[in-house]
Every structure is written in structure tokens, then in C-alpha cells.
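Spelled out, the chains give:
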Amino acid sequence: MLRQVLCRGLCQTLSHQGLSSRRGGSTLDWNGKVSEIKKKIQSALPGRAWDPLYDTSHLPPEHTDVVIVGGGVLGLSVAYWLKKLEKQRGAIRVLVVERDCTYSQASTTLSVGGIRQQFSLPENIQLSLFSVNFLRNINEYLAVVDGPPLNLQFNPSGYLFLASEADAAIMESGVKVQRQEGAKVCLMSPEQLRNKFPWINTEGVALASYGLEGEGWFDPWCLLLGLRRKVQSMGVLFCQGEVTRVIYSANCMENIGGEEVILKRIHEVHVKMDHSLEYQPVECAIVINAAGAWSGQIAELAGIGDGAPGTLQGTKLPVEPRKRYVYQWHCPQGPGLETPLIADTSGAYFRREGLGNNYIGGCSPSEEEEPDPENLKVDHAFFQEKVWPHLTQRIPAFGTLKVRSSWAGYYDYNTFDQNGVVGPHPLVVNMYFATGFSGHGLQQAPAVGRAVAEMVLEGSFQTINLSAFLFSRFYLGEKVPEANII
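What counts and what doesn't
Residues numbered from 1 in each chain as written. Predicted model: local features only at pLDDT ≥ 70, side-chain atom pairs only at ≥ 80, totals over all residues. Heavy atoms only, no water. Helix = DSSP H or I, 4+ residues; strand = E, 2+ residues; numbered from the N terminus. Buried < 20%, exposed > 50% of the residue type's maximum accessible area, 1.4 Å probe, protein only. Contact = heavy atoms within 4.5 Å. Areas by Shrake-Rupley, 256 points an atom, 1.4 Å probe, with all protein chains shown as cover. Pairing = 2+ DSSP bridges. Axes fitted to C-alpha atoms, helices over the stretch in contact; angles between N-to-C directions. Left-handed = near helix turned anticlockwise from the far one by under 90°. Nonpolar A, V, L, I, M, F, W, Y, C, P; charged D, E, K, R; others polar. Expected span 1.5 Å × (residues − 1). Salt bridge = Lys/Arg side-chain N within 4 Å of Asp/Glu carboxyl O.

Let us look at the overall build of the chain. A count of helices and strands for the chain gives 12 helices and 18 strands. Among the 486 residues that make up the chain, the fraction classed as buried is 48%. For the chain, long-range pairs separated by at least 24 residues make up 74% of all intrachain contacts whose partners lie at least 6 apart in sequence. A total accessible area of about 23100 Å² is found for the chain, and carbon and sulfur atoms account for 52% of it.

This is the structure:
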């Protein structure tokens, strides 16, 4: 009866309105519109599923506990550990906002996938030791029901750093620290180097350090997809969009010295939907800035750095995009399967790629030669002029190499001391950072994610003390430089 009344009423309404092809559309077009209207009415009848007039399934939720800006491995790692460490299952609602869900320009997928413990800072060594253990047991951490096991294709060939006479003492003291932290690293003289790797020209090399365990390279894409699959199974929500606005309140207070400070608290972020002018406000309690090379822009949206120069309020997040080239080449007479990732005295590096005498590598430019990060176009002349000469000097067989492909990616480059920024902002009290690792964020992501989650949930670092990486060091001028940046 209800169905007949609705359909009869609909026909009468259309008849009274006198709608026909003379009103500007064909009868065929109008019949199609009537058909759609009937479908909407039918969907509202008892026993039918309701089909809303406007689909909002693509929008993020209006409320969540934690918004993570950036869906690369660092952001996903934070999401994983927040859910892993929550006291009660489902207690924390987490939303990850990623503007490029294809990850076509993500630092994660464009990296060379290396992991090492040969750093100069104890914190970086500890982070990588934790992370390599995570990778070794990846399927214990990231397994999902009915999902295939992950295969990171980890190649444990190690890292080999070469040092000139001028840098030998720094390398020696660095290896001492690495061993103290539990890393398996040995020093090699030029003669030992020639005996183990006879294809290396040791001219200009005074000392070498070689990772014996827990170093090599793996598939970054596999780790990314594994983390994403796992956190989705844990209830984390994803949204393809871009955070374009941050709404916060500000309260003026005095510190112990009587100085006026302004404390800010974020209440919501606005997420602009992909390929649309539409945006969704999302109320939240915590914001994690894991936006990589663009994390400085997210910090500015929260009012970070908008005060007077020289004050904490006026201290900006010193993270910016830096473009780095990676080249792939083929060389039939090149080094064999035992080849480690080699970091030359010149700054050039390379590693094997697969089994067919293919290699990938590059070199970080000098400060004066930094390329424009506006796009990811590759400068092929850079290889010819700045990379190849160093490669052939160190590995004579590379004189006959042929470049087959190349790409560019971004470092989330910390211009202050090239080290990560981890933990809360001192004035924007509910924004936390996981950014600025300047090229080693991928390999340290599992440990950094846990550190940030611990700070959010417990108020302090529990597993690894990363107090040296807090934001406050930028205002205090306390650099923690890392000597081994590739």
C-alpha cells in the first residue's frame, strides 16, 4: 500500500508540474531522471537499504583522537605503535592523512632502502639496532589474519665506509661508539681492504669501517605496504587529502623567569579532499607531524615560528625538501655478489641491485649545488660530472658502465644538524614530531614510531631516550650533528 501511494503521488506531482520536453530537455532525459527519483524513494521503503543522496564515505571522520599528517613509513609506524601500546583495544581512534596514496613522490618508495648502525651518535645507533630487529622479525609484528607473509628481500651485505687520512680519527672514534652500543663493526686497513675486495682502488684511503651484521638493504615498498595493511587491520582510518588549515587556541602565561609565553592547543585540522575544493574539519586531541619534506609547512599552519626572532615562539621547524638523485647502471665487469653498500671518501655511494651486474648509487651535492626541489626532474649531467669520476677512481671497472635509468626523491632535510625531530613541541602542546631525519628516516622508522607513541601515551621516552632530538634544541642552539650522513 505504501509503495502504491508513493508512486501514485510521484506521478501526480510530475503531471501537475507539467514537465515535458518543451521545458528544455528531451522526454528521454526526463524519464531517466524520474527513474533515478523512483530508485531513491524505493531505497527508503521498509526492507530496503538506505542509499543516501550524498555519499560521504570518502570523507574523514569529524572527530578522532589522533591525526597523523603523513602516511609514509614514519607516520604508519607511529600509528602502529599507538595501537599496539594502547591499554585497551580500540581505545584510541587514529586517522592517517596522506595526500598521495600512490606514493609516487614519497621519500619512502624513492629511497635506496639501506639500513646501518654506522652512525656517530649513540641515539642513531640505538634506533637502527631496534629497527633491524623489527625487520628481522617483521612477520611477528605485522602479520595479519589470512594475509600472506611479508618478504622484505633483505640483503645483509653490510655497509663499507671509506675514510681519508683527514677523517680516519673521526671514523675510529665513531666505530668505538658503535661497538659500545652493540653494533658489529670492524676497522680495516687499506691492505685488508684490498685482500677482501680486490676490485677496490685504495688510493687516498687511510681506513675503512665494515658492518658485519645487521646492515644491508631491503624493499621499502614492502615495509610500507606491510605497515599499512597491519594498521588498517588494527582499526586505523585513512584519508587521501591534504591538511590545509589548523585551528588552535592560544593562552598567554608567564614562565619561571617572568617571561611571557603563549601556549597553543590544536582543536581541529581541515583536510582538503583530493582533486576537490571540498574540505572536512576534523576535531582531534593530538596531531602527529610526520609530513616528511613538507613538515615545515604543517608546523607553520600551527603557528610554529610566528613569534619574534630569537625567541622560542619565533623558532621555526628547520626542515625543508632537498632533492637527491639516484642512478641505476649496468656494468658486466663490475663487483660481484659480495659487494656491500660503499660510501666513498668523496661522498659518492653505490650498492648492488639484483643479480645481473646492476648497481644504484649517487652523491649528495654541496650546499652551493643544491638543486631546485620544485620538481623531481633528474639532472643527468650531475652523474657525468660529479658521480661517475669518483666511481671510476674507486672502482676502475666502472669505467665501462652504462646508465640505464634514474629518479629523484626528497630528503626531509634538517638544516640545523641533519638529525631527526622527535616528540612534542614545547609551546604547541599537542603537536608531536616525527620528521627531519635527512635521509635515514626509513631505516629508523620502526624505532621512531615507538618513541613518539611512548611520548604520547606515557609522557616520556621509554625504550630509547631521544631527548637530544627534541624541538627545544633549535631555540637553545644545541646541535647534535651526525657525522655519517650519506
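Turning our eyes to something else, we now look at the sheet that holds strand 12 (residues 319-330). Spatially, 5-6-4-13-14-15-12-16 is the arrangement adopted by the eight strands of the open sheet, whose pairing is mixed. Of all the strands in the sheet, the pair left with one neighbour each is strand 5 (185-188) and strand 16 (402-414). Strand-to-strand twist in this sheet, taken as the mean axis angle between neighbours without regard to direction, amounts to 20°. In this structure, strand 4 (residues 159-163) lies alongside strand 13 (residues 341-343), joined through three bridges in parallel fashion. What sits directly across from F161, in strand 13, is A343. Set on the sheet, helix 6 (residues 168-180) makes contact with strand 4, strand 5 and strand 6 (207-211); between it and strand 5 the angle comes to about 155°. Running over the sheet, helix 10 (residues 380-394) touches strand 4, strand 12, strand 14 (348-352), strand 15 (358-363) and strand 16 and is turned about 60° from strand 12.

What follows concerns the packing of helix 3 (residues 73-85) against helix 8 (residues 220-233). In contact at an axis separation of 9 Å, helix 3 and helix 8 are set at 30° when each is read in the N-to-C sense. Pair helix 3 / helix 8 crosses with left-handed handedness. Together, V73, L76, S77, A79 and Y80 of helix 3 and L223, L224, L227, R228, K230 and V231 of helix 8 make up the contact between the two elements. Residue composition of the contact of helix 3 with helix 8, by class: eight nonpolar, one polar and two charged.

Another aspect to go through is the pairing of strand 6. Working note: regular strand, side chains alternate between the two faces of the sheet. Across the five residues of strand 6, five count as buried, placing the element largely inside the fold. Taking every second residue as pointing to the same face, both faces of strand 6 are buried, with L207, S209 and G211 on one and A208 and Y210 on the other. Alignment of strand 4 against strand 6, held across four bridges, turns out to be antiparallel. Following the sheet pairing, F161 is matched in strand 6 by S209.

Note on sheets: strands pair through backbone hydrogen bonds, and any given pair is parallel or antiparallel. One open sheet holds the eight strands; their spatial order is 10-9-8-2-1-11-18-17, and the pairing between them is mixed. The open sheet terminates on both sides in strands that have one partner only, identified here as strand 10 (279-283) and strand 17 (421-424). Strand after strand, the sheet turns through a mean of 30° between neighbouring axes, direction not considered. Pairing between strand 11 (residues 286-289) and strand 18 (residues 431-435): three bridges, direction parallel. Counterpart to V287 in the pairing with strand 18 is M431. On the sheet, helix 3 packs against strand 1 (66-69), strand 2 (94-98), strand 8 (237-254), strand 11 and strand 18 and is oriented at approximately 160° with respect to strand 1. Helix-sheet contacts for helix 11 (residues 441-458) involve strand 11, strand 17 and strand 18, and the interaxial angle to strand 18 is about 170°.

With that settled, the discussion passes to helix 4 (residues 122-136). An ideal rise of 1.5 Å per residue puts 21 Å on 15 residues; helix 4 measures up with 21 Å between its terminal C-alpha atoms. All buried positions along helix 4 are accounted for by E123, N124, I125, L127, S128, F130, S131, V132, F134 and L135. Where helix 4 is buried, its residues meet helix 3, strand 3 (114-115), helix 5 (138-142), helix 6, helix 8 and helix 11.

Scanning the entire structure with this criterion turns up 15 salt bridges. Between R322 and E320 there is a salt bridge, and its shortest N-O distance comes to 2.7 Å. Overall, the relative accessible area of 7% leaves R322 in the buried class. Residue classification places E320 among the partly exposed positions, given a relative accessible area of 32%. With a shortest N-O distance of 2.9 Å, E370 and R324 are connected by a salt bridge. On the criterion of sequence distance, the pair formed by E370 in the loop between strand 15 and helix 10 and R324 in strand 12 is long-range, its members being 46 residues apart. What emerges from the salt-bridge pattern is a single network uniting E320, R322, R324, E367 and E370.

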